[in-house]
Amino acid sequence: MTASADDNTVVDEACGPLAGLGILVTRPAAQAEPFCTALTAEGASVIRFPVLEILAPSDPTNLREVLDRLADFDIAVFISPNAVQRVLNLALAEHSWPATTKIAAIGNRTAQELKGFGRPADILPPRRFDSEALLAQEAMQEVAGKRVVIFRGDGGRELLGDTLKARGAEVTFAEAYRRGRPEGDTGELMYAFSRGQIGVITITSGEGLRNLYEMVGKLGRMWLRKTPLVVGSERIAEIAQELGFKAAVETAEDPTDAAMLAAVHQLAERLRADGA
């Protein structure tokens, strides 16, 4: 069974190491297709249901003002691939990147996006891609007197900025985008759950997991909690536990497509072993 990528659809393949496994992909629509393609190539049945949408910042003037003085900053921190896309599309269209402004990325997906713009990260944690891991890097330790700009979405954790300030840095936050909850039709999703077509849910952000939890309503939450998860970080696994998820959770090394696919395979092996 196949359908277009524009819908919340199930794509069925006859063979492959993931044959017979229904996987819910929750990435934003514009970012989901490479992951969906990789899963279907392995034989999985993919159901697309975006739980986040990426919107323009609430105050684009503030972002442009920060970009106009990029050379004033010693370090520019990118929190996500979305921040990279929004910022560098604007910045490189009007300016060259200042040679004196180092770039820090919070994780591999963000670093990959930076490479796509020809701007490799100067500071990147080798593993455990979160604020704590970035703060542990030597270049983020001795920051007293340095000016740091953090490009992020609306809201988010304050740990990174607060810690850098405590270390003596002058921190500026720049909202590069806003995250929204899509007005998705859950009818097909509920039908897929009721038919036992979803064997694994993939989640790459804590906010996305919370959105999914809210979007499916009371009945849907009963199915969610007993469906195995593949998550992009330990923090998301913790949120799943807080929300009452009871099934198996496989944590990927990071939220990149490759790491998530590897974690899907690991979970599939666990499920097959448990069912043997």
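See the structure above.
Described in the following lines is the structure provided in the data block. Bear in mind that the values here come from a model prediction, so they are computed numbers and not experimental data.

Note on placement: Thr110 falls in helix H4 (residues 108-116). Not counting residues within four places of it along the chain, the set of residues in contact with Thr110 comprises Phe78, Ile79, Ser80, Pro81, Val84 and Ala105.

This next bit is on the packing of helix H7 (residues 187-194) against helix H9 (residues 217-225). Taken N-terminus to C-terminus, the directions of H7 and H9 make an angle of 45°; their axes are 11 Å apart at the nearest point. Accordingly, the angle class assigned to the pair H7 and H9 is oblique. Crossing of H7 against H9: the hand is left-handed. Residues Met190, Phe193 and Ser194 of H7 lie in contact with H9, whose contacting residues are Gly220, Trp223 and Leu224. For the contact of H7 with H9, the residue count by class is 4 nonpolar, 2 polar and no charged.

An order of E4-E8-E7-E5-E6 is seen for the 5 strands of this open sheet, with the pairing classed as mixed. Both edges of this open sheet fall to strand E4 (53-55) and strand E6 (102-105), since each of them pairs with a single strand only. The sheet shows a mean angle of 25° between the axes of neighbouring strands, direction not considered. Here 4 bridges tie strand E5 (residues 75-78) to strand E7 (residues 147-153), and the two strands are oriented parallel to one another. The residue bridging Ala76 from the neighbouring strand is Val149, located in E7. Its contacts with the sheet put helix H3 (residues 81-94) on E4, E5, E7 and strand E8 (170-180), and the angle it makes with E8 is roughly 105°. The strands that helix H6 (residues 159-166) touches are E5, E7 and E8; relative to E8, the one it contacts most, it runs at about 175°.

This paragraph deals with the environment of Ala136. You can see Ala136 is positioned in the loop between helix H5 (131-135) and E7. Distance in space between the C-alpha atoms of Ala136 and Asp72 is 24 Å, their sequence separation being 64 residues.

Okay, the packing of helix H2 (residues 60-68) against H3 next. The contact between H2 and H3 brings their axes to 10 Å, and the two run at 50°. As summarised for this structure, H2 and H3 are arranged oblique, according to the angle between their axes. Here the hand of the crossing between H2 and H3 comes out right-handed. Along its contact with H2, which presents Leu63, Arg64 and Leu67, the element H3 presents Val87, Leu90, Ala91 and Glu94. Considering only residue class, the contact of H2 with H3 consists of 5 nonpolar, no polar and 2 charged.

A separate point is the packing of aromatic side chains. Each pair of aromatic rings is reported with the distance of its centres and the angle of its planes. This model, assessed by the stated rule, comprises 3 aromatic pairs. Cluster of aromatic residues (ring-pair linked, three or more members): Phe78, Trp97 and Phe151. Above the ring of Phe173, the side-chain terminus of Arg152 is found at 4.0 Å from the ring centroid.

So, on to the pattern of salt bridges. Using the criterion set out here, one finds 9 salt bridges in the structure. In this structure, Glu94 and Arg64 form a salt bridge, with 3.0 Å as the shortest nitrogen-oxygen distance. A residue pair is termed long-range when its members are at least 10 positions apart, and Glu94 in helix H3 and Arg64 in helix H2 qualify at 30 residues. By relative accessible area, Glu94 is classed as partly exposed at 48%. Judged by relative accessible area, Arg64 falls into the partly exposed class, the value being 38%.

Reading guide: rules and limits
- Residues numbered from 1 in each chain as written.
- Predicted model: local features only at pLDDT ≥ 70, side-chain atom pairs only at ≥ 80, totals over all residues.
- Heavy atoms only, no water.
- Helix = DSSP H or I, 4+ residues; strand = E, 2+ residues; numbered from the N terminus.
- Contact = heavy atoms within 4.5 Å.
- Axes fitted to C-alpha atoms, helices over the stretch in contact; angles between N-to-C directions.
- Parallel < 35°, antiparallel > 145°, perpendicular 65-115°, else oblique.
- Left-handed = near helix turned anticlockwise from the far one by under 90°.
- Nonpolar A, V, L, I, M, F, W, Y, C, P; charged D, E, K, R; others polar.
- Pairing = 2+ DSSP bridges.
- Phe/Tyr/Trp six-rings, centres within 6.5 Å; stacked < 30°, edge-to-face > 60°.
- Lys NZ or Arg CZ within 6 Å of the ring centre and 35° of its normal.
- Salt bridge = Lys/Arg side-chain N within 4 Å of Asp/Glu carboxyl O.
- Buried < 20%, exposed > 50% of the residue type's maximum accessible area, 1.4 Å probe, protein only.

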